[in-house]
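Chain by chain, the residues:
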Amino acid sequence: MALISPGIDLLATILSLSGGFIWFILSLNSWIASRFGYEISAWTILVVTALLIPLLSTIYIISIKVRHRREAAAIGARMVPEAQGWLLGNLDIALELVHKMTTGYPGDGVWELLEKHGPVVNWRAMWGDLIFTNSPEHIKTILSTDFQNYVKGKRFHYDLKPVLGTGVFNSDGEMWKFHRSITRPMFTRERIGHFELFDRQAFQVISKLKERLREGYAVDFQDLMSRFTLDSATSFLFGNNVQSLSADLPYPHSATSYTSLNPRHTPQGDAANAFAHAFLEAQEVISLREKYGWPWWPFMEMWRDKIQKPMQVVNDYIQPIVQEALAKKRVDVHVDGQEKVEGGEGSETLLDHLVGVTSDPVVLKDEILNIMIAGRDTTASTLTFIIYFLSIYPEVLSRLREEIISKVGHTRRPDYDDIREMKYLRAVINETLRLYPIVPFNTRESVNATTWVSDTPDEKPYYIPAGTKWDLVFCVYDAQTQRLWGPDAEEFDPDRFLDDRLKKYLSKNPFIFLPFNAGPRICLGQQFAYNEMSFMIIRLLQSFSSMELDLAAAPPEAMPPKEWAHARAAKQLRSSIQDTSHDVY
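Cut-offs and rules
- Residues numbered from 1 in each chain as written.
- Predicted model: local features only at pLDDT ≥ 70, side-chain atom pairs only at ≥ 80, totals over all residues.
- Heavy atoms only, no water.
- Helix = DSSP H or I, 4+ residues; strand = E, 2+ residues; numbered from the N terminus.
- Buried < 20%, exposed > 50% of the residue type's maximum accessible area, 1.4 Å probe, protein only.
- Contact = heavy atoms within 4.5 Å.
- Patch = residues over 30% accessible without salt bridge, like charges linked within 9 Å, V, L, I, M, F, W, Y side chains within 5 Å.
- Areas by Shrake-Rupley, 256 points an atom, 1.4 Å probe, with all protein chains shown as cover.
- Salt bridge = Lys/Arg side-chain N within 4 Å of Asp/Glu carboxyl O.
- UniProt positions renumbered as here; feature names shortened; annotations may be inferred.
- Phe/Tyr/Trp six-rings, centres within 6.5 Å; stacked < 30°, edge-to-face > 60°.
- Lys NZ or Arg CZ within 6 Å of the ring centre and 35° of its normal.
- Expected span 1.5 Å × (residues − 1).
- Pairing = 2+ DSSP bridges.
- Axes fitted to C-alpha atoms, helices over the stretch in contact; angles between N-to-C directions.

**Side note on the overall build of the protein chain**
Inference 1: The number of helices and strands found in the protein chain is 23 helices and 7 strands.
Inference 2: Considering the protein chain as a whole, with its 585 residues, one finds that 49% of them fall into the buried category.
Inference 3: Relative to all contacts within the protein chain whose residues are 6 or more apart in sequence, the contacts with residues 24 or more apart total 75%.

**Some remarks on a nonpolar patch on the surface**
Inference 1: Together, Trp23, Phe24, Leu28, Trp31, Phe36, Tyr38 and Ile40 make up an exposed nonpolar region whose accessible area comes to about 830 Å².
Inference 2: As for its placement among the helices and strands, Trp31 is situated in helix H1 (residues 6-36).

**With respect to the UniProt feature "transmembrane region" (unreviewed entry) in the protein chain**
Inference 1: According to UniProt, the positions carrying the feature "transmembrane region" (unreviewed entry) are residues 7-28 and 40-62.
Inference 2: A helix fraction of 100% and a strand fraction of 0% characterise residues 7-28, whose end C-alpha atoms lie 32 Å from each other.
Inference 3: Regarding residues 40-62, the helix share stands at 91% and the strand share at 0%, and the terminal C-alpha atoms are separated by 30 Å.

**Overview of the environment of Arg413**
Inference 1: Topologically, Arg413 is positioned in the loop between helix H17 (394-408) and helix H18 (416-421).
Inference 2: The exposure class of Arg413 is partly exposed, given its relative accessible area of 34%.
Inference 3: For the pair Arg413 and Arg539, spaced 126 residues apart in the sequence, the C-alpha separation amounts to 7.9 Å.
Inference 4: Ignoring sequence-local partners within four residues, the contact set of Arg413 consists of Glu196, Asp199, Asp418, Phe535 and Arg539.

**Some thoughts on the pattern of salt bridges**
Inference 1: Within the structure shown, the criterion is met by 23 salt bridges.
Inference 2: For Asp223, the salt bridge goes to Arg227, with nearest N and O atoms at 2.8 Å. Of the two residues, Asp223 and Arg227 both sit in helix H10 (residues 221-238), 4 residues apart, roughly one turn of that helix.
Inference 3: Relative accessible area serves as the criterion here: at 21%, Asp223 is assigned to the partly exposed category.
Inference 4: With relative accessibility at 7%, the residue Arg227 sits in the buried group.
Inference 5: Where Asp499 meets Arg501, a salt bridge forms, and the shortest distance between an N and an O atom there is 2.8 Å.
Inference 6: Through salt bridges with shared partners, one network takes in Glu431, Arg434, Asp488, Asp493, Arg496, Asp499 and Arg501.

**Re the packing of aromatic side chains**
Inference 1: Scanning all chains against the criterion turns up 21 aromatic pairs.
Inference 2: Arranged with centres 5.5 Å apart and planes meeting at 50°, the rings of Phe195 and Phe535 form a pair that is tilted. One end of the pair, Phe195, is in the loop between helix H8 (189-192) and helix H9 (196-214); the other, Phe535, is in helix H22 (residues 526-543), and 340 residues separate them in sequence.
Inference 3: Overall, the relative accessible area of 2% leaves Phe195 in the buried class.
Inference 4: On the basis of relative accessible area, Phe535 is assigned to the buried category, the value being 0%.
Inference 5: Three or more aromatic residues joined by ring pairs make a cluster, and in this case those are Phe385, Tyr388, Phe389, Tyr393, Tyr436 and Phe492.
Inference 6: Stacked on the ring of Tyr251, the Lys or Arg Arg212 has its end atom at 3.6 Å from the ring centre.

**Considering unusual backbone geometry**
Inference 1: In this structure, Asn517 takes a positive phi of about 70° despite not being glycine.
Inference 2: Turning to its location among the elements, Asn517 is positioned in the loop between helix H21 (500-507) and H22.

**Things to note about helix H2 (residues 42-74)**
Inference 1: In this model, H2 (33 residues) spans 47 Å end to end at C-alpha, consistent with the 48 Å of a helix rising 1.5 Å per residue.
Inference 2: Structurally, H2 contributes buried residues whose contacts are with H1 and strand E6 (462-464).
Inference 3: Gly76 lies just past H2 and shows a positive phi near 70°.

**Regarding the side chain of Glu301**
Inference 1: Position of Glu301 relative to the elements: it lies in the loop between helix H13 (297-300) and helix H14 (308-336).
Inference 2: We classify Glu301 as buried; its relative accessible area is 4%.
Inference 3: In this view, Glu301 contacts Ser5, Pro6, Gly7, Val285, Arg289, Lys306 and Ile307; residues no more than four positions away in its chain are not counted.

**Looking at the sheet that holds strand E1 (residues 120-122)**
Inference 1: Spatial strand order, E1-E2-E7-E4-E3: 5 strands in an open sheet with mixed pairing. Looking at the sheet topology across the chains shown, the edges are occupied by E1 and strand E3 (150-151).
Inference 2: Bridge count between E3 and strand E4 (residues 441-446): 2 bridges; the pairing is antiparallel. Residue pairing for E4: Tyr150 is matched across the bridge by Ser446.
Inference 3: The strands touched by helix H4 (residues 110-117) are E1, strand E2 (131-133), E4 and strand E7 (472-475); relative to E1, the strand with the most contacts, the crossing angle is about 110°.

**Some words on the environment of Thr384**
Inference 1: Inspection of the secondary structure puts Thr384 in helix H16 (residues 361-392).
Inference 2: Given a relative accessible area of 1%, Thr384 falls into the buried group.
Inference 3: Residues Thr384 and Ser226, spaced 158 residues apart in sequence, show a C-alpha to C-alpha distance of 9.2 Å.

**Quick look at the pairing of E4**
One face of the sheet, then the other: side chains in a regular strand alternate in exactly this way.
Inference 1: Among the 6 residues in E4, 6 count as buried, and that is most of the element.
Inference 2: Judged by which residues are buried, E4 turns out to be covered on both faces: Phe441, Thr443 and Glu445 on one side and Asn442, Arg444 and Ser446 on the other are all buried.

**What about the pairing of E7?**
Inference 1: Going residue by residue along E7, you find Leu472 and Phe474 tucked away on one face and Val473 and Cys475 tucked away on the opposite face as well.
Inference 2: Bridge analysis of E2 against E7 gives 3 bridges, and the strand direction is parallel. Bridge assignment links Phe132 to a residue of E7, and that residue is Val473.
Inference 3: Sheet analysis places E4 next to E7, joined by 4 bridges and oriented antiparallel. Its bridge partner being in E7, Arg444 is matched across the sheet by Leu472.

The following block contains the structure:
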């Protein structure tokens, strides 16, 4: 546990390095005075040193830039176009992007830079390279054809380690291979094709919905889906869900009845909600750290480490579960006389499987949290977006419900084959994932100097330096909504995954659709997520024939800012659902 805040720690490091430099200059002056009898006053030395530090920094930055230009020229490449602001260090662009990060939709600002400069642009914020690309060819290079040359990198590991540890999403090389190998066996068809797990939670969801609707109130659907996916994920992980659905759902902000002012509580539900809120807060902190980047985010946490308190709640919740699993393993070994080193064959949960591979509680906790992020928030958010679209496109809802009823009827539980045959259901999910990918941006660090193909055949390739730190950002959101999908790319139309447009656009260029990543790091839980989302949608539409938004039930802070009314038409849909945390059913 850190004793000092990240801001104070960084500031102390800077002062220490500066002090060391000043000490060196003063020592050098004393040596010159003793050797040659010529001494410069301390004040003169301090002033010169204060000027020398930025001068040397400037020389260093320019020298690197010149070296990169020479390296690029030597291999017949060109530098990535740079954004040009009017303030020193592109500070004006940086401030504008930060403003849009906090008030706009993800990608606002970056989209404009790419539209102006082409598919690749170097933001060059405060003299640090930050290269954005939305080119499917470049994304293919990073994720697949030159996979070994791109890593998460040390800076990514450092920023996200308080939450992700060294789990599969926050590791490279042999560590990544190890984590992936120990989780892969749990995502076979046999493991993810049993829907009893989903059905128990789906039944609770439907019951909660009907109960609240009978009272005459709208439901915060993202909150409900977050509970559903949390209970499902913990059932899959631990074999015993946290029962967040056992507690009362929140009421609309305007509700004034006695029941809404005094919601029912359960010990399990309250504990689960405390864990869920802390986990969400921790993710929000690391998200802000990623947005601000190094070395700026520590100054946003000058007086306290914002990750410490929520992660204490998360760890206090997870550690007893891990310790119980390890204790059970020790008992089994004692009884059987030998350890099952093959990885928990026959075990029903991921944790049972993992303890068959390792007894390291840190590795177990890290892997659990990594899988929980992948299996809970991503699916909950996508389900919320789907219900939003079904609410504003009743013709899509009607057609989807018709497919569901024709396949499984009004009550039968769907199985794996049912879901596989529902083509329109998969198209609705895919179109939602295309327009609103849960990971709209991703980052990598280059290992060796390389090139990216130019966007036009007659131009030189782009030069990418070696060891680019926290700099290569590929924009999945832009790649999935640009003209490569056709003139109607920003429209919600599930049929694009069923008609001739599928072959015309996606089949010949699969890297324009990456909701689950691609290449060696493609999401192991992709089919699990499809099954879970499909199952929940089927159960909902078996029970309900219509849906609508109740905007009056949403709190004022959830409504789009007034200035968004002047945004161009193509961005109006993005703005309308920017804050899905208060979408209502």
